[in-house]
Amino acid sequence: GEFAFQRIRSLWELWGPWPFYSSHWLKRVLIGLRFPLIVFAVIGLWMARRDWRVWACFCPIVVITTVHTAFFSEPRFTVPVEPLAIPLAMISISKIFTNAAAGRTGCPTAA
């Protein structure tokens, strides 16, 4: 139980919206801004899941996150994969805005 709690806390430290690592609240806010990035990146992965380039961007994110969650983590360990999450997040954001501009919700409708 303790080990599982430590791994969840480690994952939270990597991508969570309010990391425990930093002592100053402003640093925590700036580090926590990565949380929307990873959320939109996962949404972008789902929206473009058939494109191999999307998987090429997402796989290193999963590998780095898995390795550092299993062993130890600090917010700085996500820095190498954050540039890979940006295009994935932009896919989701652009599709959301495109659908909103077209007046669609993105949900399929029954014909």
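All figures in this text were calculated on a predicted structure; none of them were measured in a lab. (Residues numbered from 1 in each chain as written. Predicted model: local features only at pLDDT ≥ 70, side-chain atom pairs only at ≥ 80, totals over all residues. Heavy atoms only, no water.)

> Account for the nonpolar core, naming residues and giving values.
Counting 16 residues, the largest nonpolar core has Trp 15, Val 54, Phe 58, Ile 61, Ala 85 and Leu 88 as its most contacted members. Residues in contact with Phe 58, not counting those within four places in the same chain, are Val 42, Leu 45 and Leu 88. (Core = buried A, V, L, I, M, F, W, Y, C linked by side-chain atoms within 4.5 Å. Buried < 20%, exposed > 50% of the residue type's maximum accessible area, 1.4 Å probe, protein only. Contact = heavy atoms within 4.5 Å.)

> Now, about the state of the cysteines: what can you tell me, with residues and values included?
Counting across every chain of the model gives zero disulfides. Here Cys 57 stays free of any disulfide, with the sulfur of Cys 59 as its closest cysteine sulfur at 9.6 Å. Here Cys 57 falls in the buried class, since its relative accessible area comes to 19%. Of the residues examined, Cys 59 reaches a relative accessible area of 41% and is grouped as partly exposed. (Disulfide = S-S within 2.5 Å.)

> So, the packing of aromatic side chains: which residues are in play, and what are the values?
By the definition in use, this model includes one aromatic pair. For the pair Trp 55 and Phe 58, a centre-to-centre distance of 6.5 Å together with 90° between the ring planes defines the contact as edge-to-face. Of this pair, Trp 55 and Phe 58 both sit in helix 4 (residues 52–70), three residues apart, which is roughly one turn of that helix. Relative accessible area serves as the criterion here: at 12%, Phe 58 is assigned to the buried category. Directly above the aromatic system of Trp 15 lies the positively charged group of Arg 34, at a separation of 5.9 Å from the ring centroid. A cation over a ring is seen here: Arg 49 above Trp 46, with NZ or CZ 3.9 Å from the ring centre. (Phe/Tyr/Trp six-rings, centres within 6.5 Å; stacked < 30°, edge-to-face > 60°. Helix = DSSP H or I, 4+ residues; strand = E, 2+ residues; numbered from the N terminus. Lys NZ or Arg CZ within 6 Å of the ring centre and 35° of its normal.)

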